[in-house]
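# Examination of the molecular architecture
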Amino acid sequence: MIYLDNAATTYPKPASVRRAVADALVRYGANPGRAGHSMSLAASEEIFRCRSAAADFFHAPGPECVAFTLNCTNAVNYVLKGLLKPGDHVVISCLEHNAVYRPVHALARRGVEFTEARVFPGDNDRTVDAFRQAIRSNTRLIFCTHASNVWGIRLPVERIAALAHEYRIPIGLDCAQSAGILPVDMAGSGFDYLCIAGHKGLYGPMGTGMLITPNGAGLETVIQGGTGTESALAEQPAGMPERLESGTQNMPGIAGLRAGIEFVRRRGPQVIARHETALLRRIYRGLSSLPGIVLYTPEPDLRHFAPVLSFNVAGLPSETAARGLNEQGVAVRAGLHCAPTAHRFMGTLETGAVRVCPSAFTTEADADGFLRAVKRLLRKNSGPKD
Amino acid sequence: MKGRNLLEKRGIQCSVERIPRSAENHGCGYGIYVPGDPDAAERVLRLAGIPLLGREERGVGR
């Protein structure tokens, strides 16, 4: 199989991740952060090591700023619903995933207002200006994707953060598509909330995510429950990370996530990003030479794009094209990718698109094999119809 | 564990362990056991901005 659905979740996972998950089930089989016996404490230590690794990786002030979540969507919900109240206004971008778009719409029904700032691919000045224009006197938060999960379009988040702080507005980022690939410097750029998927560019298992913030104590909690601390109190503890971590943790997943972060650190996020971009450019050039292929974005470069690309086969529904590729052993994702706003932006809301995303493990042979499969699909599609 | 790591880096022997429930700590919590000089440990933790919820002597109570 040629797996190019890494934007959904990376596959394969590194051997070190698979080993860490299996080892955790044996060595850290007790509930972390609850009991005082040795295996429980050992499990807590392992979770703390992952917290520390994540804090270092994203330049967070400390490991206590890292709260583990089920996925990036949970982390986004914790921020939006924990911060925004009726009468507040939030600025989002026109490229958001439903992880952002749906909770914002749910909040809008309760009196929260929002504005979609337009993104101008390749023109960061205009994009930042669009965010500036969207700010109002009651803007309580700017929250946007770091990179579109459909088109790879990268937002100038460091500049948007500077803008937000100019107006004393906190900024949150959806890093689902960027963590582990694009640089994310919490301390250096002044990001207030980082929402991270553990199972994509960080190569952890599915069911892992993180909310990284020094401001967790100020968030209203979406979920309350047992934390293993201050158990006699009816109120959720104020301290991080337990404020945002109710219930038993995904111990094997977190152990795997730590191994994933170490894998990315060892290989180097910049090396991975360059590798993936080179492959995507190879794919882009191959696709652009084929009649009947519709491309929507310019040839990707890391300055303006994360290594994700979507296209269509003219006259063929995206789902049919993806099925045709699957029949040839190529795994890609078609449809709307849970991001209708991003498709509306590009005019593909009706058709969807076929998305391609390489990983650290994708090879040139995979890219060429994908292009051959697309050529066969085109030939088949251009043949006589029944 | 952040506090424990900090103390160990400063050469102060310590370990994380469960602490008995009391009116002050509301129970189900963890503490750092410092067999040597707890005053020095407390200074290190306070200087690092790590909040101290209380201090107890092992086996004696508060």
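Residues numbered from 1 in each chain as written. Chains lettered and ligands numbered in written order. Predicted model: local features only at pLDDT ≥ 70, side-chain atom pairs only at ≥ 80, totals over all residues.

### With respect to the environment of Arg 303 of chain A
One can find Arg 303 of chain A in the loop between strand E9 (293-295) and strand E10 (309-313). For the pair Arg 303 of chain A and Ala 365 of chain A, spaced 62 residues apart in sequence, the C-alpha to C-alpha distance is 25 Å. (Helix = DSSP H or I, 4+ residues; strand = E, 2+ residues; numbered from the N terminus.)

### A closer look at the sheet that holds strand E4 (residues 113-117) of chain A
Residue and element names in this part refer to chain A. The 7 strands lie next to each other as E2-E8-E7-E6-E5-E3-E4, forming an open sheet whose pairing is mixed. Every interior strand has two partners, whereas the edge strands, strand E2 (66-69) and E4, have only one. The average angle at which neighbouring strand axes cross in this sheet is 20°, direction not considered. Of the strands in this sheet, strand E3 (89-93), E4 and strand E5 (139-145) are in contact with helix H5 (residues 124-134), which crosses E4 at around 160°. (Pairing = 2+ DSSP bridges. Axes fitted to C-alpha atoms, helices over the stretch in contact; angles between N-to-C directions. Contact = placed C-beta atoms within 7 Å.)

### A short note on the packing of helix H9 (residues 269-288) of chain A against helix H12 (residues 364-382) of chain A
Each pair of packed helices can be described by the angle between their axes along with the distance between the axes. Residue and element names in this part refer to chain A. Relative to each other, H9 and H12 sit at 20°, their axes nearing to 10 Å. Between H9 and H12, the angle falls in the class roughly parallel. As H9 runs across H12, the sense of the crossing is right-handed. Taking contact as the criterion, the partners of Leu 279, Arg 282, Ile 283, Gly 286 and Leu 287 in H9 are, on H12, Glu 364, Ala 367, Phe 370, Leu 371 and Val 374. Here the residues of the contact of H9 with H12 are counted per class, giving 7 nonpolar, 1 polar and 2 charged. (Parallel < 35°, antiparallel > 145°, perpendicular 65-115°, else oblique. Left-handed = near helix turned anticlockwise from the far one by under 90°. Nonpolar A, V, L, I, M, F, W, Y, C, P; charged D, E, K, R; others polar.)

### Regarding the nonpolar core
Residues and elements named next belong to chain A. Formed by 122 residues in total, the largest nonpolar core has its most connected members in Ala 54, Val 79, Leu 194, Cys 195, Ile 196, Leu 211 and Ile 212. No other element matches helix H2 (residues 38-58), which puts 9 residues into this core. The contact partners of Ile 212, leaving out residues within four places of it in the chain, are Ala 54, Phe 58, Ala 60, Cys 65, Val 66, Met 186, Leu 194 and Ile 196. (Core = buried A, V, L, I, M, F, W, Y, C linked by C-beta atoms within 7 Å. Buried ≥ 20, exposed ≤ 12 C-beta atoms within 10 Å, placed from the backbone.)

### Focus: the sheet that holds E9 of chain A
Residue and element names in this part refer to chain A. Taken in spatial order, the 4 strands make up an open sheet running E9-E10-E13-E12, and their pairing is antiparallel. Every interior strand has two partners, whereas the edge strands, E9 and strand E12 (333-335), have only one. Sheet twist, expressed as the average angle between the axes of neighbouring strands with direction ignored, equals 35°. For E12 and strand E13 (residues 353-356), the ladder comprises 3 bridges, and the chain directions are antiparallel. If you follow Ala 334 over to E13, its bridge partner there is Val 354. The strands touched by H9 are E9, E10 and E13; relative to E10, the strand with the most contacts, the crossing angle is about 20°.

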